[in-house]
Each structure stands twice: as structure tokens, then as C-alpha cells.
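Spelled out from the first residue to the last, the chains are:
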Amino acid sequence: MAMKRKRNRSEEEVNNRKIETRSMSRKNNLANQKVGDKKNSVFLPLDLIIVIFANLPLKSIAKFLCLSKLWRSIIGGKYFIDLFMTRSLTRPSFLFTHPHLTMDNKFFHSSSHESPSSLHHNGACTTLSHDYVMPTPVRGLICCRHGQKMRVCNPSTGQVVRLLNFKTGRIGITSFLGYDPVGDVYKVLCMTRDFKVRAPVVSSQHRVVSLGPPGTSRKQKWRDIECEELPHVPATNGLCVDGVVYYGAWTNSHRQGSMIVCFDVRQEVFRRLKSPEDVEIKHHRFELLRYHGKLALVDQSYGGRVDMWVLVDVEKQEWSKDCVVVPCWLELVGLRSFRFLGTIGTGECVFVPHSLPDPYPFFVVIYDRKKGEGRRVVIPRIGVNLSREAMDPDKVMTVFLDHVESLMLL
């Protein structure tokens, strides 16, 4: 009996030693593995990190800004900002703002032209009220104006920068945002005129301010430029194409003698572009739009017909007239009056309603001229609880066709 007990104890001791040996070996293996990880760690080269970042969505990139100083310096560097812009230019999207009376402007963009209703919320511009005029974005930036107050905002990052006050005793102010691709510089052109003068007057003050690296926009001052050889008054919206800002203008404040003015952003000089034959800009329904990648002067009509003149050759200043007959879309959308916005990457035309009576939700109509087919796309107001009482009855959502995301820090 005693011999049996001793044998059981010895067996038990042997088993305990085996268990201890196994646990010790496991600990040693884990320790060796950790040491090996430090010795055999694979460090990604900087070029590969930049490529990975460039293929991520903007929200993910924004999160990486807070992880380390190294990553922040990479993402905020000029090389990566230019690389991200190059990628964004290949996939333009829709940009929307909502007409809320009590809230600040919020921006929403679609993932692509093919899916305009797939909206994503961009940065909230908390310092921009709904009173600011929203012109066409230029490479992801928008220069908004309310009276003599001007702001430059980046909807992708939610940044808003206040420009230096444009000190003037005049009332009428017009501003345009342009981009110089050679110098890689954004510039704001501002012109003034006085509506109180009875005699025909033209813009007498012409000033420019450049937008530089982060923080410098507030330090830079307005610079006066000359425009004596081409007196005019801006009459339409501005459109920046290949370093030139185009806009329609009158020769005096009484809307007489129209022309197309070209402002070279790099050289800061004004030139006159030959207008389409027998075309006079007599009302504010004229707009400058992009039509299949070309500049087009469009006469927005309320009768289901859109006349436009397309600039087919810039050097020869040749225009070609075209006309888009808007079908009666009563069965499709129940409305007759639409505004033409231009064409998107798919070659289709985009229209928005002039007004929206109750109880219509906001929508756009995408029209294929070749097939003669149109489709209605309802745009949800994501992230905003809008009632009919809170909406401006005279406005619909502002729509821009060729928005590109930008990482430029203002």
C-alpha cells in the first residue's frame, strides 16, 4: 500500500513538472516572439505610405491627422495635397447646400456623378450664414460673399477663412475666385461700383488678393490693378477655366453693350473675348456653364427651351450655337420650369427646378440627349431635419456639378 502511494506521488510530481515545463516554454516562446517582432519589424517606405493615404476616403485621412506628428506632416505637405487633388480631379461629384433659414450652411457631396443621391456630409461651415452667396467652386474652394464681407471656405475640410475687409465707400461689389495652374496660386478678384450715381458708370476699383499657405491669407493685403482699357460692369457669374476667369459684362451700368471678359489669373490682366454673333446679355438669365468640357454662354429660358453658345476654339474665338429643348416632364416630375446646370462626366445634361411647391422633395433631372430619356433623382437632406417652415420658399438646394475634394489648408 505504501509502495503504491509513493508511486502515485512520483507520477503526480512528474506530471506537475511537465506542466511547469510547458508553461515556461510558452512564456519563452512569447518573449522570443516579441523580441523577434522588434528585430524583424517591416517599416513601410514613405512613398508607399503616401500611396496608401492617397487611396483612402477623406474622412479616414482626417482621422490620421491626429495619430502622429509624422503623419500630419505627410498629409499636410504640398506633395500629398497635390497628389490627392490629382486623384480627386479624376472623379468629380455633385455638391449640394440646403436653404435653411436658421442654420449655417452645410455641404453634402455625392460619391460620384453616377450616384448623385449617395450623399456624404462634408465639414460644417459654422461661421457661414445662409445669407452668403455661393458661387461655383474652383478646385474644391468657394469664395462666398455677403455685402462687403468675403469668406473662402473648403467644404471638404470645413475650414472657413475671413479675407481682409475690402474697404470701399461704394455699394456694388462683385468678386470672382480664380486659380493659376502655373504658379499654383488661388486669387480673388474684386470689383466695385456705385449704384447711386445717375450717369452710366463702370467698375472703377479692381483689386486682387492671393491665397497662400495656411495663415497667410489673413496677412496678405488687397492689391490694386488697372483696367482702364476695358471699362465694364460684371453681368453674369464667373467661371475659371485653365487659369482664366470668364464672365459676361456690360459696357455701362444701364445694361448696354454686352461682352465676354477674360481675366488672366497669372498675369492679372483683362482681355475682351469676341462675343457670339448677334447675342446681347440683356437680363440675368444668362450664365456661363461647362458643356462637354467647353465654356458655354447659356440663356436660361422658362419655356422649355435653352439656347446656348459653345466656345469651340479659344484662340480663334469661335462660337457654335446649340439648343436644348426640354421635354414636357409632367409625367416624370410634375413640373414644367427648369434651370440648366450643364453636363457631367457621363455626357448627360442636368436640370433643377426653378421652384418647388408643396409637397415636392428636392430632386435633379438627368437627361440623355442622345436617347431622349430623362430620370428623376431625389436628393435626401441627410443630417438636417428640415420642415417646410424652416426652408426659404424662394430657394432650392444649391447644386454644383464638378466638385472635387481638396485637402488645402487655409
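Each value, and the rule that gives it
Residues numbered from 1 in each chain as written. Predicted model: local features only at pLDDT ≥ 70, side-chain atom pairs only at ≥ 80, totals over all residues. Heavy atoms only, no water. Helix = DSSP H or I, 4+ residues; strand = E, 2+ residues; numbered from the N terminus. Buried < 20%, exposed > 50% of the residue type's maximum accessible area, 1.4 Å probe, protein only. Contact = heavy atoms within 4.5 Å. Pairing = 2+ DSSP bridges. Expected span 1.5 Å × (residues − 1). Arc of directions from axis to C-beta. UniProt positions renumbered as here; feature names shortened; annotations may be inferred. Axes fitted to C-alpha atoms, helices over the stretch in contact; angles between N-to-C directions. Disulfide = S-S within 2.5 Å. Salt bridge = Lys/Arg side-chain N within 4 Å of Asp/Glu carboxyl O.

The name given to the protein chain in an unreviewed UniProt entry is F-box domain-containing protein, and the organism recorded there is Microthlaspi erraticum.

S.K.: Tell me about the overall build of the protein chain, and please be specific about residues and values.
M.R.: On a plain count of helices and strands, the protein chain comes out with five helices and 23 strands. Here the protein chain holds 410 residues, and the buried ones make up 45% of them. Taking as baseline every contact in the protein chain between residues at least 6 positions apart, the subset at least 24 positions apart corresponds to 49%.

S.K.: With reference to specific residues and values, describe the sheet that holds strand S8 (residues 185-193).
M.R.: Pairing is antiparallel in the open sheet, where four strands are placed in the order S7-S8-S9-S10. Of all the strands in the sheet, just strand S7 (172-180) and strand S10 (223-224) have a single pairing partner and so form its edges. As paired strands, S7 and S8 are joined by nine bridges and run antiparallel to one another. Bridged to Ile-173 within S8 is Thr-192.

S.K.: Could you give an account of helix H5 (residues 78-89), naming the residues involved and the relevant values?
M.R.: Over its 12 residues, H5 extends 16 Å from the first C-alpha to the last, a length consistent with the 16 Å expected when each residue adds 1.5 Å. Within the span of H5, buried status applies to Phe-80, Ile-81, Phe-84, Met-85, Arg-87 and Ser-88. Looking straight down H5, one finds that the buried residues subtend no more than 160° of arc, so they occupy a single side. Set apart from the buried face of H5 by more than 90 degrees, the exposed residues are Lys-78 and Tyr-79.

S.K.: Account for the UniProt feature "domain: F-box" (unreviewed entry) in the protein chain, with residues named and values stated.
M.R.: The positions that UniProt labels "domain: F-box" (unreviewed entry) are, in the present scheme, residues 44-83. The span residues 44-83 is 72% helix and 0% strand, and its two end C-alpha atoms sit 19 Å from each other.

S.K.: Provide a residue-level description of the pairing of strand S4 (residues 142-146), including the pertinent values.
M.R.: In this structure, S4 lies alongside strand S5 (residues 149-154), joined through five bridges in antiparallel fashion. The partner of Arg-145 across the bridge, within S5, is Met-150. Connecting the antiparallel pair S4 and S5 is a turn made up of two residues, with Gly-147 showing a positive phi of about 65°.

S.K.: Give a detailed account of the sheet that holds strand S13 (residues 258-264), specifying residues and quantitative values.
M.R.: Pairing is antiparallel in the open sheet, where four strands are placed in the order S11-S12-S13-S14. Of all the strands in the sheet, just strand S11 (233-241) and strand S14 (269-273) have a single pairing partner and so form its edges. Taking the axes of each pair of neighbouring strands and ignoring which way they run, one obtains an average angle of 25° across the sheet. In this sheet, S14 lies alongside S13 in antiparallel orientation, the contact comprising five bridges. Note that in S14 the partner of Ile-260 across the bridge is Leu-273.

S.K.: Can you break down the state of the cysteines residue by residue, with the values?
M.R.: Cysteine pairs can be covalently joined through their sulfur atoms, and such a bond is termed a disulfide. The full count for this structure, using the stated rule, is zero disulfides. There is no disulfide at Cys-153, and the cysteine sulfur nearest it, in Cys-144, is 4.0 Å away.

S.K.: Please give an account of helix H2 (residues 46-54) that cites residues and values.
M.R.: Within H2, the full set of buried residues consists of Ile-49, Ile-50, Phe-53 and Ala-54. One side of H2 holds all its buried residues, which, seen down the axis, span an arc of 135°. Taken together, the buried residues of H2 touch helix H3 (58-64), helix H4 (69-75) and H5.

S.K.: Account for the pattern of salt bridges, naming residues and giving values.
M.R.: Scanning the entire structure with this criterion turns up 10 salt bridges. We note a salt bridge from Glu-268 to Lys-187, for which the minimum N-O separation is 2.9 Å. Residue Glu-268 is found in the loop between S13 and S14, and its partner Lys-187 is found in strand S8; the two are separated by 81 residues along the sequence. Exposure remark for Glu-268: the relative accessible area of 16% places this residue in the buried category. You can call Lys-187 buried: its relative accessible area is 10%. For Arg-223, the salt bridge is made with Glu-268, and the minimal N-O distance between the two is 2.9 Å. With a gap of 45 residues between them, Arg-223 in strand S10 and Glu-268 in the loop between S13 and S14 connect regions that are remote in the sequence. The class for Arg-223 is partly exposed, based on a relative accessible area of 33%. Residues joined by salt bridges that share partners form a network here, namely Lys-78, Asp-82 and Asp-184.

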